[in-house]
Amino acid sequence: MYLGLKLALGMWALGLIVVPLVLRYALRLKTRIAAAKSWPSAKATIIRTEVRPIGKGSFGPGIVYSYTVGGHAYEGFRLHFGAKTGTRAFAKEIVDAHP
């Protein structure tokens, strides 16, 4: 019984740490997405695409692009806020949509 109680308290304590971190991440992501809606748009040129391994058995799209805003040239790689990973086929589908 003592071990079960100890385990339950440990899980509860872990939840007190993890839940606020997840909520903070979600709020931060929501704030970034809302701010990005007001950004000006610009045409971009795809420089390079690839399917990248992201950890064990997970893959993500690697897309590098260039664009110009206000006479200044930039390079970027962000397609969205937050992680976008999955199977190799999932990543390839995203890469193939950006030739």
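If you're wondering where the values come from, they're calculated on a predicted model, not measured in any experiment. (Residues numbered from 1 in each chain as written. Predicted model: local features only at pLDDT ≥ 70, side-chain atom pairs only at ≥ 80, totals over all residues. Heavy atoms only, no water.)

**Here's the deal with the sheet that holds strand S1 (residues 44-53)**
Now for step 1: Strand order in the open sheet formed by three strands is S1-S2-S3, with antiparallel pairing between adjacent strands. Since the sheet does not close on itself, it has two edges, and those belong to S1 and strand S3 (72-76), each with one partner. The sheet shows a mean angle of 10° between the axes of neighbouring strands, taken without regard to direction.
Now for step 2: With five bridges connecting them, strand S2 (residues 59-69) and S3 associate as antiparallel partners. Opposite Tyr65, over in S3, you have Gly76 as the bridge partner. (Pairing = 2+ DSSP bridges. Helix = DSSP H or I, 4+ residues; strand = E, 2+ residues; numbered from the N terminus. Axes fitted to C-alpha atoms, helices over the stretch in contact; angles between N-to-C directions.)

**As for a positive patch on the surface**
Now for step 1: On the surface, a cluster of positive charge is made up of Arg24, Arg28, Arg32 and Arg78.
Now for step 2: Mapped onto the elements, Arg28 comes out in helix H1 (residues 2-36). (Patch = residues over 30% accessible without salt bridge, like charges linked within 9 Å, V, L, I, M, F, W, Y side chains within 5 Å. Areas by Shrake-Rupley, 256 points an atom, 1.4 Å probe, with all protein chains shown as cover. Salt bridge = Lys/Arg side-chain N within 4 Å of Asp/Glu carboxyl O. Lys, Arg positive; Asp, Glu negative; His and termini not counted. Charge placed at Lys NZ, Arg CZ, Asp CG, Glu CD.)

**Looking at the confidence of the model for the chain**
Predicted coordinates in regions of low pLDDT should not be interpreted in detail.
Now for step 1: For the chain, the mean per-residue pLDDT works out to 84, and 93% of the residues sit at or above 70.
Now for step 2: By mean pLDDT, H1 is the weakest element of the chain at 78, and S3 is the strongest at 93. (pLDDT = per-residue confidence, 0-100.)

**Side note on the environment of Ile33**
Now for step 1: Inspection of the secondary structure puts Ile33 in helix H1.
Now for step 2: Along the chain, Ile33 and Gly86 lie 53 residues apart, while their C-alpha atoms are 21 Å from each other.

**As for the pairing of S1**
Now for step 1: Two elements, S1 and S2, share nine bridges in a ladder whose sense is antiparallel. Each bridged residue has a counterpart across the sheet, and for Ile46 the counterpart in S2 is Tyr65.

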